Amino acid sequence: MFALPLGWRGYGAGVDFGPPLMASAIQPSSRREFLGAAAFALAGLATASRLGAADAPKVSVKRPPNPFVYKFNIGKIEAFSISDGHMLFKQGLELMWPEADRPTMKDALVFNRERLDALPLYVNIMGLKVGDEVALIDAGFGERHPNPNFGWLAEGLRQLGIKPEQVTTGFLSHSHSDHLDGFVDNGKPAFPNAKIYLLQEEYDFWRGPNPDFSKSKRDKKPLPNMVKTVCRNFDILKDQLVIAKDGQKLFHEAVTVIAAPGHTDGHACFEIRSEGESLVHISDVVHHHVLMFDNVGWTVAMDHDPETAVKTRRKLFARMAKEKSRAFGFHLPWPGIGTVVPKGDQYAWVPERFSWGS
């Protein structure tokens, strides 16, 4: 019993002709042909064994980039997903509401073989490129964040050969630190040529005299400092902030702003369209790839207005399921691309197959 040399599979050319052919799989027309094939294969092996390392042909291998940067397309628009890092909330299901449903939530996690000791959240930044212009939807934590698990966006842009000056448009879904802070670098705008669009309701909430968190289940102690940080960032970006309107088309009219309140007062999603293709950036409408799909009525403590967040999620999911739009989840497993599909009277997240090659 013998196998033909691996070279027969065509690996060097990037072509796979199937598993190595075994003698038992060969159907020769005669014993002579069979022995001839065997002799040919063994001769090849003997020749290869006589070649020293210095004589072996050198193969130039172009490997894929660091896998936290992923390119894809939406019609004719070049798009990319850059992981800005990941979070792990040790409170686990204590962050999820209503409290009475937590046993059912646990069952859903067990069924899907998800971890129970903590709640993982990913941080995915979506970029769009048209010509030399780049748009970013949110900007993560910022490269100078002291936690090494955060702030990878800048390195990802460098890998793509994108300079900060090329970013001409920024979309701010809302002003929590994992979305806003990356637009600022060391007290200055990180992308000096970018207009950064946000909804009026988002700006007014944080600039108001008494931002109202009374409906939120989140810990209230860090909130005063959070408000100060947001306002400081707004001050740094004051010459770049532009108020957008629900339904407005921006960035070569490829991006439509969708008001999606609940997570914050001025929370926004974004629909990207090109050549008949559609993808909806669902921002923080959902935070987990099982929870909030299994039951759209489940909410996370960080929602400012949980009841409104549920209404928004129902409306958006129903629209996306009907139109069969692709989706991009900011907090879903990287690269965050998939589809929201109906599952009974609820939904499921179906991640899109991704590949470094075509």
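Cut-offs used in this document
Residues numbered from 1 in each chain as written. Predicted model: local features only at pLDDT ≥ 70, side-chain atom pairs only at ≥ 80, totals over all residues. Heavy atoms only, no water. 1 Å grid on protein atoms, 1.4 Å probe; cavity = no way out; pocket = protein on both sides within 12 Å on 5 of 7 lines; lining within 4 Å. Points joined across faces, edges and corners; volume = space filled by probe spheres on them. Helix = DSSP H or I, 4+ residues; strand = E, 2+ residues; numbered from the N terminus. Nonpolar A, V, L, I, M, F, W, Y, C, P; charged D, E, K, R; others polar. Core = buried A, V, L, I, M, F, W, Y, C linked by side-chain atoms within 4.5 Å. Buried < 20%, exposed > 50% of the residue type's maximum accessible area, 1.4 Å probe, protein only. Contact = heavy atoms within 4.5 Å. Patch = residues over 30% accessible without salt bridge, like charges linked within 9 Å, V, L, I, M, F, W, Y side chains within 5 Å. Areas by Shrake-Rupley, 256 points an atom, 1.4 Å probe, with all protein chains shown as cover. Salt bridge = Lys/Arg side-chain N within 4 Å of Asp/Glu carboxyl O. Lys, Arg positive; Asp, Glu negative; His and termini not counted. Charge placed at Lys NZ, Arg CZ, Asp CG, Glu CD. Pairing = 2+ DSSP bridges. Axes fitted to C-alpha atoms, helices over the stretch in contact; angles between N-to-C directions. Parallel < 35°, antiparallel > 145°, perpendicular 65-115°, else oblique. Left-handed = near helix turned anticlockwise from the far one by under 90°.

### A closer look at the layout of surface pockets
- Of the pockets and cavities examined, the largest pocket occupies roughly 600 Å³.
- Every element with two or more residues in the lining of the largest pocket is listed here: β2 (77-89), α4 (177-180) and α6 (223-236).
- It is α6 that provides the largest number of residues to the lining of the largest pocket, a total of four residues.
- Counted by class, the lining of the largest pocket contains 11 nonpolar, 10 polar and seven charged residues.
- Its boundaries defined by the atoms lining it, the second largest pocket holds a volume of some 500 Å³.
- Listing elements by their share of the lining of the second largest pocket, those giving two or more residues are α3 (153-159), β7 (184-185) and α6.
- When grouped by side-chain class, the residues that make up the lining of the second largest pocket number 12 nonpolar, eight polar and eight charged.

### Quick notes on the nonpolar core
- Residues Met96, Leu136 and Phe191 are the most contacted members of the largest nonpolar core, which totals 70 residues.
- Ranked by the residues each element gives to this core, the list is headed by α6, at six residues.
- Look past the residues within four positions of Leu136 in its chain and what remains in contact with it is Phe80, Ile125, Met126, Gly127, Leu153, Leu157, Val167, Thr169, Gly170, Phe171, Phe183 and Phe191.
- Core analysis: the next-biggest nonpolar cluster, separate from the first, contains 25 residues, Ala135, Tyr197, Phe251 and Val255 among them.

### Some words on a negative patch on the surface
- On the surface, a cluster of negative charge is made up of Glu201, Asp204, Asp212, Asp246 and Asp265.
- Here Asp212 lies in the loop between α5 (200-207) and α6.

### Looking at the environment of Trp206
- Note that Trp206 resides in helix α5.
- Trp206 gets classed as buried once you look at its relative accessible area, which sits at 0%.
- Each C-alpha atom of the pair Trp206 and Val227 lies 6.4 Å from the other, and the pair is 21 residues apart in sequence.

### Description of the environment of Phe150
- Mapping Phe150 onto the fold places it in the loop between β5 (133-137) and α3.
- Note on Phe150: relative accessible area 13%, which makes it buried.
- Separated by 10 residues in the primary sequence, Phe150 and Gly140 have C-alpha atoms spaced 7.9 Å apart.
- If we ignore the near neighbours within four places in the chain, the residues touching Phe150 are Asp84, His86, Met87, Phe141 and His145.

### Here's the deal with the sheet that holds strand β18 (residues 346-351)
- In space, the seven strands of this open sheet follow the order β11-β12-β13-β14-β16-β17-β18, with mixed pairing throughout. Of all strands in the sheet, those bounded by a partner on one side alone are β11 (249-250) and β18.
- Here strand β12 (residues 255-259) pairs with strand β13 (residues 268-274) via five bridges, running antiparallel. Paired with Val255 across the two strands is Ile272, which belongs to β13.

### Comments concerning the side chain of Thr312
- Relative to the helices and strands, Thr312 resides in helix α7 (residues 306-323).
- Those residues in contact with Thr312 that sit more than four places away from it in its chain are Ala260, Pro261 and Val285.

### Concerning the pairing of β18
- Relative to β18, strand β17 (residues 337-343) is paired through six bridges, and the arrangement is antiparallel. Among the inter-strand pairings, Gly338 is bridged to a residue of β18, identified as Pro351.

### Here we look at unusual backbone geometry
- Residue Pro98 is bonded to the preceding Trp97 through a cis peptide linkage, with omega at 5°.
- Examined against the element boundaries, Pro98 turns out to sit in the loop between β3 (96-97) and α2 (102-111).
- Of note, the bond from Trp334 into Pro335 is cis; its omega dihedral lies within 30 degrees of zero at 10°.
- Looking at where Pro335 falls in the secondary structure, it is placed in the loop between β16 (326-328) and β17.

### Here's the deal with the packing of α5 against α6
- Here α5 crosses α6 at 120°, and the two axes come no closer than 9 Å. Viewed along their axes, α5 and α6 adopt a mutual orientation that is oblique. Crossing of α5 over α6 shows left-handed handedness. Residues Tyr203, Trp206 and Arg207 of α5 pack against Met226, Val227, Val230, Cys231, Phe234 and Asp235 of α6.
- Its residues assigned to classes, the contact of α5 with α6 comprises seven nonpolar, no polar and two charged.

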